[in-house]
Amino acid sequence: MLESKSTLKGAQKIHSFFITSILLLALNSSYVCENLKLDLVMRNNINGDFSIVKKISELKPGAFININWNKKKLMLPYSLRKDYISFTDKKWDWRYQFNKDGSPDINNPSLYELLPSGEIKTHFCETEDNMPNL
């Protein structure tokens, strides 16, 4: 019985390491926010599969994003909203506004930060492709 418990713990550690590696290595979007690179991965979490979302139209309830920006690593859950697409933990909020035609503006998202003072700071972002060459 002890042998099977240790085998199970070993399998859990391997599984945990595998999932963590996938989450850290599978970056699929890059933005620039306040002249700092932001890497983002959007994932659905249907039955724990952590599948990468390649199109915003594939987004499902239970989804989340991982953000690596300005020495911060954030994991924000999808938050159903009427007027925009949002991922938030109530301190950080990553948003895609809608264009006039109803499609999400995936090239110019915003990252909102709730400061300790209660003030909300907006970090405007754009895709690296939209950045001018200097």
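(A) Main features of the overall build of the protein chain. Looking only at helices and strands, the protein chain has one helix and eight strands in total. What you see in the protein chain, going N to C, is helices and strands ordered as α-β-β-β-β-β-β-β-β. When burial is assessed residue by residue, the protein chain has 32% of its 134 residues classed as buried. By sequence separation, contacts in the protein chain at least 24 residues apart represent 30% of the contacts at least 6 residues apart. Surface accessibility of the protein chain: about 9200 Å² in total, with carbon and sulfur atoms responsible for 56%.

(B) Inspection of the pattern of salt bridges at higher detail. Per the stated rule, a full pass over the model turns up two salt bridges. Its salt-bridge partner being Asp39, residue Lys37 comes within 3.8 Å of it at the nearest N-O pair. The partner of Arg95 in a salt bridge is Asp93, with the nearest N and O atoms 2.9 Å apart. As far as the burial class goes, Arg95 and Asp93 line up, both buried.

(C) Up close: the sheet that holds strand E8 (residues 120–127). What the eight strands build is a closed barrel, ordered E1-E2-E3-E4-E5-E6-E7-E8; its pairing is antiparallel. Averaged over all neighbouring strand pairs, the angle between strand axes comes to 30 degrees, with direction disregarded. As paired elements, strand E1 (residues 29–33) and E8 share three bridges and run antiparallel to each other. Considered in E8, the bridge of Tyr31 is made with Thr127.

(D) Looking closely at the confidence of the model for the protein chain. Here the protein chain shows a mean pLDDT of 81. Residues at 70 or above account for 75%. When pLDDT is averaged over each helix and strand of the protein chain, the minimum, 48, is found for helix H1 (residues 2–25) and the maximum, 97, for strand E7 (residues 110–114).

(E) Inspection of the packing of aromatic side chains at higher detail. Summed over all chains, the structure comprises five aromatic pairs. A ring pair is formed by Phe50 and Phe64, whose centres lie 5.9 Å apart and whose planes are at 75 degrees; its orientation type is edge-to-face. On the criterion of sequence distance, the pair formed by Phe50 in the loop between strand E2 (36–43) and strand E3 (64–69) and Phe64 in strand E3 is long-range, its members being 14 residues apart. Of the residues examined, Phe64 reaches a relative accessible area of 5% and is grouped as buried. Seen in terms of ring centroids, Tyr78 and Phe87 are 5.5 Å apart; in terms of plane orientation they differ by 45 degrees. Their pairing is tilted. We classify Tyr78 as partly exposed; its relative accessible area is 23%. Each member of the aromatic cluster is reached from another via a ring pair, and the members are Tyr31, Trp94 and Tyr96.

Parameters at a glance
Residues numbered from 1 in each chain as written. Predicted model: local features only at pLDDT ≥ 70, side-chain atom pairs only at ≥ 80, totals over all residues. Heavy atoms only, no water. Helix = DSSP H or I, 4+ residues; strand = E, 2+ residues; numbered from the N terminus. Buried < 20%, exposed > 50% of the residue type's maximum accessible area, 1.4 Å probe, protein only. Contact = heavy atoms within 4.5 Å. Areas by Shrake-Rupley, 256 points an atom, 1.4 Å probe, with all protein chains shown as cover. Salt bridge = Lys/Arg side-chain N within 4 Å of Asp/Glu carboxyl O. Pairing = 2+ DSSP bridges. Axes fitted to C-alpha atoms, helices over the stretch in contact; angles between N-to-C directions. pLDDT = per-residue confidence, 0-100. Phe/Tyr/Trp six-rings, centres within 6.5 Å; stacked < 30°, edge-to-face > 60°.

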